[in-house]
Amino acid sequence: MQSLDWRRHLTIPMALPDTTEELKAHLNAILEEPKKTQLRVRLVQIFTAQLVDVEALAPSLFPTLVPLLASVLHVVEQDPTVLTVLLQKLLQNVSFTQLLTLADHTTFLALLSSAVPPIQLLGLFLLHKAAASTGDVAIVATWNEVCKELVNTTLCANDTAVHKEANRVLLAFLLVDLPPSASGDVKTMERSGGSGLFWRRFFSDRDIYQMILQICSWNGSPGSFSEKTKAQSRLLGLIPSLAEMDWNTVTAHTFPDLVQIYTIGTTKANNLLDFATYGMVKLENDVMMGMLHLEYLSELLAATTPSDKAVTYLSQSQIGKHQEAVGLFLHPRIFTRDDMEIGLLESRAGKYCSAYAQLYPAHLADATSASIILPKDVKDHFPDFSHAEYSKIRTKFSSDGTRLVDLFLAHIAQALDTSRNPKTAYEPPITCLHLLTSLPPDVLVSPPPFSVDCGIISRQGYDKWRSSNSVVALIPLSPPVPEYISTLGALFSSSQYLYSIYTILLYNQAAGLATPLVASPDATPSMVVAASLWAKILSIAKASALADACLASISLIQAVADTPRWDGVLEILRQLQLMEFILRPPERHTARRVADPESTEFRVAMLKYNIVQSLAKVVREVGKDLGGNVREVEGVNEEKVELAKRWGNPIIQRARMGLWDAEQQPVVGTMEEE
């Protein structure tokens, strides 16, 4: 007999929460005497929690409760957060078109312009619903005052959460409304074929355009130092996203007369990008703004890649921001003598140089020392600018055409020279290491671009670089510092040649050969030669007391195993002791500990198991049949096949065991056990 599901034939009406009438009575009491009636927060929270199926209850609640809540928001004198949370829950499934039957543009304007952050957030929550369709965004674009208030809130909101949400809504509208003809670098799949009405409201409405300039310019509307710099930092955060969407619109000379009125300095600005880049901020005695501005330049570079629009724009002689950032990194003492300021600005300038090297390698390859020759207007921004130091560097580099990449390498070498700066062995130059891993691997294989007599680095450091033919040789592996180990992992993953250079360097140091070995770009070192490197890495990987260094060394192993650029797996399979370490399951006492994902033991086990999975994938690709036997596959070298035969079964078995051995599952501690 076929069973019947009786629930399908029975309709049970959804009951309203039992606190509904009590809540309505309380809200009406607030409307009648708002100064005397305290908001019952707990009652509202209970009612909100009881709303399980809002969609089913909507017909019963919307006609009375939503208007009642909206009215109370205007008069309640306590924190209205619980009321706005309730309204958001009630309206979560309501579309923007449906909202328009309950509210018009004046309602949205009142919410956005409220002085109460929770009410502003409610307005932004409701307004964001328009981002679901281009047609709805087009409707919002016709609401001039609402658009103006949205931009104002994005730039001026005192509450950080309100600013972030307003910024999110603004960018969502611009992305949805992006017309097919836009000249930006946003992926085609992200475009929705907008009408461009919201873009025209933002960039072609003279009132809104002028408001942006007034709010952010020192020549604009009155405002305290903190208010001005807050608005400026927010505009700097917004511009890269706008440039990514539509470069031509951001650089269009829509209202050049307005831009020039509000621009500070002597360099002529014509558009919003000019204004933000060099016509808005004052860098004098404001290190924080200097840091934010350098962050902005880095984001602008990243936003427009793979095109070279941003780097070409920033390199123009009348702008000079590219030159300024490079100069700040290479010669910070030209700009300031304060050691704290140097540290803060140099790190951000280094981030810019790293982004530049990684995103624009072709541009870097053609760049010369002229990249640090600054225009006069840039120098005028820095009150402590050393004209004597600048003139000396300009004389030194303006004529000989030194490659910019060579200046970067020399700067990195100075920072890594432990012979001259012993503390570097323990305090790694993070900024220089980041730049090192951002440079194209091929430029890292070259002799020193300067003579030892220049005094840039010590003779010992110079000899190490020259003998190995790479600045990478200056990275110390002892004592074990996590940042150095992670850098080596990134470099090894990027280039077989760099791996060979460093491996042979360690072997030569250990062997003391009369005729040192030389790395080959076409082959990895032999198993014996590579043993020195892997023995060192393995010793650090086993030192769980040095948690960060231990994790970094295991991550290095994984980086070599997973590299798509060369056959790193072969190097791992060659090392017997390394393979034993990788395949060994966690010890019983480790597995029996509390399974804390943040513990060193757990993270080590996870990293090792990830490596096992990578090796198992390779073994299967080499050709492992259902019987567990490795068979030869065309195109796979003989040594790899032999090593896969040797390690195939142990690797597959360990992979099948999972993170922990079945007999050593971690025990999660409980209060009852204690």
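In short, a report on the structure. Being a predicted model, the structure only gives us computed values, none of them experimental. (Residues numbered from 1 in each chain as written. Predicted model: local features only at pLDDT ≥ 70, side-chain atom pairs only at ≥ 80, totals over all residues. Heavy atoms only, no water.)

Describing the overall build of the protein
Point 1. Along the protein, the regular secondary structure elements total 36 helices and zero strands.
Point 2. Looking at the protein as a whole, 52% of its 674 residues are labelled buried.
Point 3. Within the structure as shown, the protein displays about 31,400 Å² of accessible surface, and the carbon and sulfur contribution to it stands at 53%. (Helix = DSSP H or I, 4+ residues; strand = E, 2+ residues; numbered from the N terminus. Buried < 20%, exposed > 50% of the residue type's maximum accessible area, 1.4 Å probe, protein only. Areas by Shrake-Rupley, 256 points an atom, 1.4 Å probe, with all protein chains shown as cover.)

Re the pattern of salt bridges
Point 1. Tallied over the entire structure, the rule returns 16 salt bridges.
Point 2. Glu-77 serves as the salt-bridge partner of Lys-35, at 3.1 Å between the closest nitrogen and oxygen. With Lys-35 in the loop between helix 1 (20–32) and helix 2 (41–50) and Glu-77 in the loop between helix 4 (65–73) and helix 5 (81–90), this residue pair connects regions lying 42 residues apart in the sequence.
Point 3. Classification of Lys-35 as exposed rests on a relative accessible area of 68%.
Point 4. The exposure class assigned to Glu-77 is partly exposed, which follows from its relative accessible area of 47%.
Point 5. Across the pair Lys-645 and Glu-642 runs a salt bridge whose closest N-O atoms are separated by 3.8 Å. One end of the pair is Lys-645 and the other is Glu-642, both in helix 36 (residues 638–657) and three residues apart, which spans about a single turn.
Point 6. Via salt bridges that share partners, Glu-295, Arg-348 and Lys-351 belong to a single interconnected network. (Salt bridge = Lys/Arg side-chain N within 4 Å of Asp/Glu carboxyl O.)

Regarding the packing of aromatic side chains
Two descriptors summarise a pair of aromatic rings, namely the distance from one centre to the other and the angle between the planes of the rings.
Point 1. Tallied over the full model, the rule gives 16 aromatic pairs.
Point 2. A centroid spacing of 5.8 Å and a plane angle of 40 degrees characterise the contact between Phe-96 and Phe-108, whose relative ring orientation is tilted. Taken as a pair, Phe-96 in helix 6 (residues 96–99) and Phe-108 in helix 7 (residues 105–112) lie far apart in primary sequence, twelve residues in all. Judged on exposure class, the residue Phe-96 and its partner Phe-108 are both buried.
Point 3. Every member of this aromatic cluster is reached through a ring pair, and the members are Phe-492, Tyr-499, Tyr-502, Trp-534 and Trp-566. (Phe/Tyr/Trp six-rings, centres within 6.5 Å; stacked < 30°, edge-to-face > 60°.)

Side note on unusual backbone geometry
Point 1. Following Thr-305, the chain continues into Pro-306 via a peptide bond in cis, with omega recorded as 10 degrees.
Point 2. Among the structural elements, Pro-306 can be located in the loop between helix 18 (287–304) and helix 19 (309–315).
Point 3. Phi angles above zero are rare outside glycine, and Asn-469 is one such case at about 70 degrees.

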